[in-house]
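# Close look at the chain arrangement
Take a look at the letters that make up each chain.
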Amino acid sequence: MHDHSVHVQCGDCPIRHRAVCARCETDELSQLEQIKYYRSFQAGQTVIWSGDRMEFVGSVVSGIASLTQTMEDGRRQMVGLLLPSDFVGRPGRSTAAFDVTATTDLVMCCFRKKPFEEMMSTTPHIAQRLLEMTLDELDAAREWMLLLGRKTAREKIASLISIIARRDAALQARKRSGPLSVDLPLTREEMADYLGLTLETVSRQISALKKDGVITLEGNRHVSIPDLDRLLEEAGDDSDGGMLV
């Protein structure tokens, strides 16, 4: 269902400088305005099932979604997170490759698929930006392989927190100075599933990071990071690289 209660002009969009339209000129934004609409999803709601026909592509405006693969025996594995400004859908592919589920309340800026594909062929700014985002996503997937295969439990938790915090800072166009605060979009159980850890290990490592002053917690979700460089060291990433996309 389309949610017409949400409408933002492209120029005022909170993800404008990072989304697929980031390089578009005013006339190109006007073209996008003609084919876009917003959809809202509640936490836990399925955006699209793997194998379903996709009639839209789009960007996450606010909230977080998960990409999940279901095996033949019914086991499910979370294989990725979609954060604000991330792109959903694949031009040229008719069906969805993964289940996409709203982890938190989610707002998406959607484009009708066929007109968007036509715009890609006539608007180099869109095609170029989508290529950049695809390559960033590939880099992030390779980093995630390293994290799952080689990093310790503590490094995994620190990495996940740093990814979310750094993306939030980038969207807010904040410089990396002073403490950062972020609300974790995942429950402890979801973090365990995503990172390949047990629930007990996740809870223990978060408590250890808190005890060592790497993070502070308010409730279960709100995390403050006094020194991002220290968190990146705990994650096994340097302050210039890491897994920010």
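Located above this text is the structure these notes cover.
Notes on the structure follow. Nothing here was measured: the structure is a model prediction, and the numbers come from that model. Along each chain, the written sequence defines residue order, and numbers are assigned to residues from 1. Per-residue local features are limited, in this predicted model, to residues with pLDDT of at least 70; the limit for side-chain atom pairs, both in listing and counting, is 80 or more; totals at the level of whole chains, interfaces and linings are taken over all residues. The basis for every side-chain value is the complete set of heavy atoms in the structure, and neither hydrogens nor water enter the calculation.

## Overview of the sheet that holds strand 9 (residues 180-183)
Strands pair in a sheet through their backbones, by hydrogen bonds, and they do so in one of two ways: parallel or antiparallel. Under the convention used in this document: Two strands qualify as a pair provided that DSSP identifies no fewer than 2 bridges between them. Strands here are runs of E lasting at least two residues and helices are runs of H or I lasting at least four, both read from the DSSP assignment and numbered beginning at the N terminus. Helix axes use the C-alpha atoms of the stretch in contact, all axes being lines fitted to C-alpha atoms, and the angles between their N-to-C directions lie in the range 0 to 180 degrees.
An order of 9-11-10 is seen for the three strands of this open sheet, with the pairing classed as antiparallel. The sheet terminates laterally at strand 9 and strand 10 (216-218), the two strands that pair on one side only. Pairs of neighbouring strands in the sheet enclose a mean axial angle of 25°, with direction left out of account. One ladder, built from three bridges, connects strand 10 with strand 11 (residues 222-225); its direction is antiparallel.

## Side note on the nonpolar core
Inclusion rule: Put simply, buried Ala, Val, Leu, Ile, Met, Phe, Trp, Tyr and Cys residues joined by side-chain atoms within 4.5 Å make one nonpolar core. Burial classes follow relative accessibility: with a 1.4 Å probe on protein chains only, a residue under 20% of its type's maximum area counts as buried, one over 50% as exposed, and anything between as partly exposed. Two residues qualify as a contact provided that any one of their heavy atoms is within 4.5 Å of a heavy atom in the partner residue.
Judged by nonpolar contacts, the single largest core of 36 residues is most densely connected at I157, L160, I215 and I225. Those residues in contact with L160 that sit more than four places away from it in its chain are L81, W144, L186, M191, Y194 and L195. Within the second largest apolar cluster, 23 residues are counted, among which are A19, L29, Y38 and F87.

## Structural notes on the state of the cysteines
Formally: For this text, the term disulfide refers to a pair of cysteine sulfurs within 2.5 Å.
Tallied over the full model, the rule gives zero disulfides. The thiol of C110 is unpaired, and the distance to the nearest cysteine sulfur, on C109, comes to 6.9 Å. Owing to a relative accessible area of 0%, C110 belongs among the buried residues under this scheme.

## What about the packing of helix 1 (residues 26-35) against helix 2 (residues 113-122)?
Rules: For this classification, under 35 degrees means roughly parallel, over 145 means roughly antiparallel, 65 to 115 means roughly perpendicular, and everything else is oblique. Whether a crossing is left-handed or right-handed is set by the direction in which the near helix is turned from the far one by less than a right angle, anticlockwise for left-handed and clockwise for right-handed.
Where helix 1 contacts helix 2, the axes come no closer than 10 Å and their chain directions differ by 165°. With respect to each other, helix 1 and helix 2 are oriented roughly antiparallel. Every pair of crossing elements has a handedness; the one defined by helix 1 and helix 2 is right-handed. Mapping the contact onto sequence places E28, Q31, L32 and I35 in helix 1 and P115, F116 and M119 in helix 2.

## What about a nonpolar patch on the surface?
Rule in force here: For patch detection, residues must exceed 30% relative accessible area and be free of salt bridges, and they are connected within 9 Å for like charges or within 5 Å for nonpolar side chains (Val, Leu, Ile, Met, Phe, Trp, Tyr). All accessible-area figures derive from a Shrake-Rupley calculation using a 1.4 Å probe, and residue coverage is judged against the displayed protein chains alone. By definition here, a salt bridge exists when the distance from a side-chain nitrogen of Lys or Arg to a carboxyl oxygen of Asp or Glu is within 4 Å.
On the surface, L131, L135 and L138 cluster together into a nonpolar patch covering about 270 Å² of accessible area. When you line up the elements, L135 lands in helix 3 (residues 124-150). A relative accessible area of 44% means that L135 is categorised as partly exposed.

## Digging into the packing of aromatic side chains
Put simply, the rule is: Only rings of Phe, Tyr and Trp enter the pairing, Trp through its six-membered ring, and a pair is recorded when the two centres are within 6.5 Å. The plane angle decides the type: under 30 degrees is stacked, over 60 is edge-to-face, the rest tilted.
Under the criterion given, the structure shown has two aromatic pairs. When the ring of F111 is compared with that of F116, the centres are 5.4 Å apart and the planes differ by 20°; the resulting orientation is stacked. Accessibility classification places F111 together with F116 in one group, the buried group. Ring pairs connect the aromatic residues F87, F111 and F116, which therefore count as one cluster.

## Regarding the pairing of strand 11
Sheet topology note: the strand 9/strand 11 ladder contains four bridges and is antiparallel. Bridge pairing in strand 11 links V182 to V223. Adjacent in sequence and paired antiparallel, strand 10 and strand 11 are bridged by three residues, among which G219 carries a positive phi angle near 70°.

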